[in-house]
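# Chain and residue survey
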Amino acid sequence: MMKEYLRFTRRELHMYPEVRFELDRTCGFVKQELESIGLVADESYGISSVTALLAVDKSFKTLGLRADMDALDITEISDKEYKSRIEGKMHACGHDVHTAMLLGAAKALVENKDKLKYNVRFIFQSSEEGPDSGAKHLVEDGIMDDVDMIFGMHVSNQMDTGTAGMCIGNAAASATRFSIEVTGKGGHAGTPHLAIDAIAMSARIINDIQHLVAREMNPFNPLVVNVGTISGGSISNGVAENVNMTGTIRTFSKDTAEYLKNRIETIVKTVTESCGGTYKTVFNDGLPPVINEKGISMFFADKIKAMIGDDKFIFIDEGMMGSEDFSYYLTKKPGSFIWLGTGSEEKNIRTAHHDPRFDIDEEAMMVGVEIFKNLAMQE
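Residues numbered from 1 in each chain as written. Predicted model: local features only at pLDDT ≥ 70, side-chain atom pairs only at ≥ 80, totals over all residues. Heavy atoms only, no water.

This brings us to the sheet that holds strand β3 (residues 119-125). The 7 strands are arranged β1-β3-β2-β4-β15-β5-β14 in an open sheet whose pairing can be described as mixed. The two strands at the open ends of the sheet, each matched to only one other strand, are β1 (50-54) and β14 (313-315). Taken pair by pair, the neighbouring strands of this sheet meet at an average axis angle of 25 degrees, ignoring direction. With 4 bridges connecting them, strand β2 (residues 62-68) and strand β4 (residues 149-160) associate as parallel partners. From the neighbouring strand, Leu65 faces β4, where its bridge partner is Phe151. The sheet contacts of helix α2 (residues 24-36) involve β1 and β3, and relative to β1 the element is tilted by about 15 degrees. Most of the contacts of helix α7 (residues 294-308) go to β14, to which it runs at about 150 degrees, and overall it touches β2, β4, β5 (164-166), β14 and β15 (335-343). (Pairing = 2+ DSSP bridges. Helix = DSSP H or I, 4+ residues; strand = E, 2+ residues; numbered from the N terminus. Axes fitted to C-alpha atoms, helices over the stretch in contact; angles between N-to-C directions. Contact = heavy atoms within 4.5 Å.)

Following this line, the structure appears as structure tokens:
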């Protein structure tokens with residue numbers, strides 16, 4: 001039975017989480033499951049990723065279906081029997097669910113091969129959570145060359161089991177990481193005039209960055225600039241010579257990201273030079289935004305609504321300011337990324353992603369499999 005298969009598979013993956021590209025056990029499990037249903041598991045694309053092609057007819061278009069497999073460096077808080085067996089690692093974002101659902105869909109589609117309207121490329125991806133994107137490596141290795149359109153799905157406990165939701169257009173923001181190093185001159189707290197205070201300069205920089213967002217940017221343009229870490233100084237009665245800060249810029253617009261990078265550079269330069277200090281900034285462009293193209297998204301939405309019902313499908317007005325490396329696939333071919341409801345008030349399942357208590361309503365997995373399956377079986 002599919003329901004039992006999904007529960008077993010998800011829990012097996014949940015008990016043995018692996019992170020980033022260190023997915024030997026996970027990849028081995030996925031490969032074994034794919035080969036058990038007659039598919040050829042291919043590990044030649046990307047790093048620590050597994051793909052398989054269900055070829056039906058050369059004249060058919062090819063639909064890509066993607067699941068991410070990696071976990072997080074989080075210690076799970078749970079009394080469930082399927083709690084993580086690996087200390088300090090946990091599937092706290094539902095990637096075990098994504099992998100189980102796509103394996104279930106692969107089984108169902110192989111069993112219904114004669115009813116398919118598309119060839120199907122199954123993509124089991126590494127390192128969605130890591131700083132080095134697994135999707136980026138897959139795309140660079142040509143995984144999208146034979147794919148005409150692609151679909152991805154992510155669990156959400158803020159939506160009820162049985163529902164699904166989609167943003168048309170902006171679905172997930174880009175992420176640009178930055179680091180700022182501020183250097184002054186160390187000294188004694190009792191003689192601050194003989195020193196150049198790196199902490200004081202950093203405070204001005206952070207304040208000016210927040211002012212930049214609040215007063216220079218169009219409030220109708222979604223964006224976030226966040227300083228996430230700051231370190232400096234070593235004693236309470238000293239003036240710090242060095243401070244290091246890191247943060248992210250999140251937006252749906254490349255032009256906005258470039259503007260913010262330039263303005264942050266100017267702010268840091270102006271503050272440090274006016275105080276007699278020096279600085280170094282580094283900007284690392286991360287993930288591009290996930291933009292659900294309207295035509296293909298409505299095409300997928302109509303298929304999903306026909307399956308779960310119009311009242312269970314939600315068009316979401318605002319995309320998330322978090323990022324998702326599904327965006328790399330969309331730089332090559334059209335596609336769409338949706339949210340699958342996995343929450344339940346009755347079962348007290350509303351935990352957020354990356355929470356050490358994260359769990360899902362496993363009944364939702366059947367809905368996810370049916371969505372994956374029906375996309376390939378309906379024209």
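This part covers the environment of Met69. Within the secondary structure layout, Met69 lies in the loop between β2 and α3 (95-111). Here the alpha-carbon distance between Met69 and His98, two residues 29 residues apart in the chain, equals 7.4 Å.

The next thing to look at is the sheet that holds strand β11 (residues 242-251). Across the sheet, 4 strands lie side by side as β9-β11-β7-β12; this open sheet has antiparallel pairing. Strands at the two margins of the open sheet, each flanked by one partner only, are β9 (223-232) and β12 (278-285). Sheet twist, expressed as the average angle between the axes of neighbouring strands with direction ignored, equals 15 degrees. Where strand β7 (residues 174-183) lies against β11, 10 bridges are found, and the strand directions are antiparallel. Looking at the pairing, Ser174 lines up with Thr251 of β11.

Looking now at helix α1 (residues 2-15). For α1, spanning 14 residues, the distance from its first C-alpha to its last is 20 Å, which sits close to the expected 20 Å at 1.5 Å a residue. For α1, every residue scored as buried is listed here: Tyr5, Leu6, Thr9, Arg10, Glu12, Leu13, His14 and Met15. On its buried face, α1 is in contact with α2, α3 and α9 (364-377). (Expected span 1.5 Å × (residues − 1). Buried < 20%, exposed > 50% of the residue type's maximum accessible area, 1.4 Å probe, protein only.)

Turning our attention to α7. Helix length check: α7 (15 residues) gives 20 Å between terminal C-alpha atoms against 21 Å at 1.5 Å per residue, within 8%. Within α7, the full set of buried residues consists of Ile296, Ser297, Phe300, Ala301, Lys303, Ile304, Lys305 and Ile308. With a side-chain oxygen lying 3.1 Å from the backbone nitrogen of Gly295, the N-terminal cap of α7 falls on Glu293. (Polar contact = N/O pair within 3.5 Å; in protein donor to acceptor, adjacent residues only side chain to side chain.)

A separate point is the packing of α1 against α3. In a pair of packed helices, the angle between the axes and the distance between the axes together describe the arrangement. Relative to each other, α1 and α3 sit at 145 degrees, their axes nearing to 9 Å. Our pair here, α1 against α3, has a crossing hand that is right-handed. Every residue of α3 that contacts α1 at Met2, Tyr5, Leu6, Thr9, Arg10, Leu13 and His14 is listed here: Asp96, Val97, Thr99, Ala100, Met101, Leu103, Gly104, Lys107 and Ala108. Per-class residue counts for the contact of α1 with α3 are 9 nonpolar, 4 polar and 3 charged. (Left-handed = near helix turned anticlockwise from the far one by under 90°. Nonpolar A, V, L, I, M, F, W, Y, C, P; charged D, E, K, R; others polar.)

It is worth spelling out the pattern of salt bridges at this point. In this structure the tally under the stated criterion is 28 salt bridges. One salt bridge in this structure joins Glu362 and Arg7, with 3.4 Å as the shortest N-O distance. You can see Glu362 sitting in the loop between β15 and α9 and its partner Arg7 sitting in helix α1, a full 355 residues away along the chain. Owing to a relative accessible area of 12%, Glu362 belongs among the buried residues under this scheme. In this structure, Lys305 engages Asp302 in a salt bridge whose closest nitrogen and oxygen atoms are separated by 3.9 Å. With Lys305 and Asp302 both in helix α7 and 3 residues apart, the pair spans about one turn of that helix. By relative accessible area, Asp302 is classed as partly exposed at 44%. In this structure, a network of salt bridges that share partners links the residues Lys3, Arg7, Arg10, Arg11, Lys80, Glu81, Asp96, Asp359, Glu362 and Glu363. (Salt bridge = Lys/Arg side-chain N within 4 Å of Asp/Glu carboxyl O.)

Remark: α7 packs on α9, axes separated minimally by 10 Å, with the N-to-C direction vectors making an angle of 130 degrees. When the axis of α7 is compared with that of α9, the two are oblique. Handedness of the crossing formed by α7 with α9: right-handed. Of the residues in α9, those in contact with Phe300, Lys303, Ile304, Met307 and Ile308 of α7 are Val367, Glu370, Ile371, Asn374 and Leu375. In terms of residue class, the contact of α7 with α9 is made up of 7 nonpolar, 1 polar and 2 charged. (Parallel < 35°, antiparallel > 145°, perpendicular 65-115°, else oblique.)

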